[in-house]
Amino acid sequence: MAGTREIRRRIKSVKNTGKITRAMEMISSVKMRKAAASVAALRPYAKSAWDVLSVVSRARDVRESMPLLEERSVRRQLFVVVTSNRGLCGSFNTQVFRQLRAEIALTRERYAGAGIDFVSLGRKGDAGLKFLNGEIVASFPEVIADPSASEIRSITKFLFEGFESERWDRVSLVYTDFVSALVQTVRVHQVLPLFERDAEEQIAEMGGEEPTGAADVLKAEYAIEPAPESVLHALLFRLVEMQVLHAVLESNASQEAARMTAMRNASDAAKDMTESFTLLYNQLRQAKVTQEIAELSAGMAAVS
């Protein structure tokens, strides 16, 4: 059994660990609220862009001439997987990979012989995707730490060029939706070709509202120059750009919520360990004092 000096060292070590985990919990709480606020601020822009796009897409029969809206047989599927850059966030990344494996199995069941490619947003994705049967065609780890407009635009341009050149027949986002500080849900949304229900649901997630539906689309008339096709292409680019940014912000809020919960659990565990070690320390001290008293009494009895 460890002596009192060793137990005192362990108590000090556990207390220091508890201080670190409590500090990390508070930092994650602040980052979580900031990311959630960014998602809410994105919603008015996203909804307005979607409403305008819905009207412009009906200005003529442009849907038939737009490859970005064309459903085709899936020969190759691209998954844009959003994970974290750092650990200590519980099962956050594990849940993403679990859902991704299910989607891969569903794709291969529905489209026999379909190839699978990945775009990784987050360093943990780079590590985890290596064990799946697919190719990582691009990695953007820095976008998680700093989701800047230029970085998001570069990702969107990469997706558009690949889809329009028929390198991929379908592009889907895999990310974690921030429902609350205690609940985070992995979502899979198709972004190319544009699937209306997925786009509406993702916009609704930003403000916790129901999808708008066709009945609520703006009734305004537009004078479109130079042509509906070019305007629609630009709007689609902005909408997909918004969807990628939304996925990154939601995942950031979710990972900080998961990290906050993990650090709170670690702090509680450190507190319990400190109490257990303190009880053991007191028991050892009491046993040592009792032993010394007994030895002293035995010595006095032998002298007398």
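Notes on the structure follow.

Cut-off values and rules
- All residue numbers refer to positions counted from 1 along the written sequence of the respective chain.
- Note on the predicted model: pLDDT of at least 70 is required for a residue's local features to be given, and 80 or more for side-chain atom pairs to be given and counted; whole-chain, interface and lining totals, by contrast, use all residues.
- Note that the side-chain values use all heavy atoms of the structure and ignore hydrogens as well as water.
- Helix and strand definitions here come from DSSP, where helices need a minimum of 4 consecutive H or I residues and strands a minimum of 2 consecutive E residues; each element is numbered from the N-terminal end.
- Burial status follows relative accessibility: with a 1.4 Å probe on protein chains alone, a residue under 20% of its type maximum counts as buried, one over 50% as exposed, and anything between as partly exposed.
- Contacts were defined at the residue level, with two residues in contact if any of their heavy atoms lie within 4.5 Å.
- The method behind every accessible area is Shrake-Rupley, applied with a 1.4 Å probe, and residues are considered shielded solely by the protein chains displayed.
- Surface patches are drawn from residues lacking salt bridges whose relative accessible area is over 30%; two like charges belong together within 9 Å, two nonpolar side chains (Val, Leu, Ile, Met, Phe, Trp, Tyr) within 5 Å.
- Salt bridges, as used here, are contacts in which a Lys or Arg side-chain nitrogen is within 4 Å of a carboxyl oxygen on Asp or Glu.
- Lys and Arg are tallied as positive, Asp and Glu as negative. Neither His nor the chain termini are counted.
- For the purpose of locating charges, the reference atoms are NZ of Lys, CZ of Arg, CG of Asp and CD of Glu.
- Two strands are said to pair when DSSP picks up at least two bridges between them.
- The axes used here are C-alpha line fits, helices contributing only the stretch in contact, and every angle between their N-to-C directions lies in the interval 0 to 180 degrees.
- In these notes, a set of buried Ala, Val, Leu, Ile, Met, Phe, Trp, Tyr and Cys residues joined through side-chain atoms within 4.5 Å is what counts as a nonpolar core.

### Things to note about the overall build of the protein chain
Reasoning step 1: When you go through the protein chain residue by residue, the secondary structure sums to seven helices and five strands.
Reasoning step 2: Moving toward the C terminus, one meets the helices and strands of the protein chain in the order α-β-α-β-α-β-α-α-β-β-α-α.
Reasoning step 3: Of all 304 residues assigned to the protein chain, the portion counted as buried reaches 44%.
Reasoning step 4: Taking as baseline every contact in the protein chain between residues at least 6 positions apart, the subset at least 24 positions apart corresponds to 75%.
Reasoning step 5: On the protein chain, roughly 16000 Å² of surface is accessible, and the fraction owed to carbon and sulfur atoms is 54%.

### What to know about a positive patch on the surface
Reasoning step 1: Taken together, Arg5, Arg8, Arg285 and Lys288 make up a surface patch of like positive charges.
Reasoning step 2: Residue assignment for the positive patch shows that the elements contributing at least two residues are helix H1 (4–56) and helix H7 (228–303).
Reasoning step 3: Residue placement: Arg285 occurs in helix H7.

### Comments concerning a nonpolar patch on the surface
Reasoning step 1: Together, Val179, Leu182 and Val183 line one region of the surface with nonpolar side chains, adding up to about 290 Å² of accessible area.
Reasoning step 2: Mapped onto the secondary structure, Val183 falls in the loop between strand S4 (170–178) and strand S5 (184–192).
Reasoning step 3: On the basis of relative accessible area, Val183 is assigned to the partly exposed category, the value being 40%.

### Examining the sheet that holds strand S3 (residues 135–139)
Reasoning step 1: Taken together, the five strands give an open sheet; going across it, the order is S3-S2-S1-S4-S5, and neighbouring strands pair in mixed fashion. With partners counted over all chains shown, the strands left at the sheet margins are S3 and S5, one partner each. When the angles between neighbouring strand axes are averaged without regard to direction, this sheet yields 25°.
Reasoning step 2: Direction of pairing for strand S1 (residues 76–82) relative to S4: parallel, over a ladder of five bridges. Bridge assignment links Val81 to a residue of S4, and that residue is Val174.
Reasoning step 3: Against the sheet, helix H2 (residues 92–110) touches S1, strand S2 (115–121), S4 and S5, its axis set at about 170° to S1.

### Description of the pattern of salt bridges
Reasoning step 1: Applying the stated criterion across every chain, the model contains 13 salt bridges.
Reasoning step 2: In this structure, Arg153 and Glu241 form a salt bridge, with 3.2 Å as the shortest nitrogen-oxygen distance. Of this pair, Arg153 sits in helix H5 (residues 149–164) while Glu241 is found in helix H7, placing the two residues 88 residues apart along the sequence.
Reasoning step 3: We classify Arg153 as partly exposed; its relative accessible area is 36%.

### Observations regarding the nonpolar core
Soluble globular proteins: nonpolar side chains tend toward being buried together.
Reasoning step 1: Counting 38 residues, the largest nonpolar core has Leu78, Val80, Val119, Leu121, Leu159, Val171 and Leu192 as its most contacted members.
Reasoning step 2: Ranked by residue count, the leading element in this core is H7, at ten residues.
Reasoning step 3: Apart from the residues lying within four places of it in its own chain, the contact partners of Val119 are Leu78, Phe79, Val80, Val81, Val137, Ala138, Phe140, Phe158 and Leu159.
Reasoning step 4: Counting twelve residues, the second-largest nonpolar core is a separate cluster that includes Ile104, Ile116, Phe118 and Val174.

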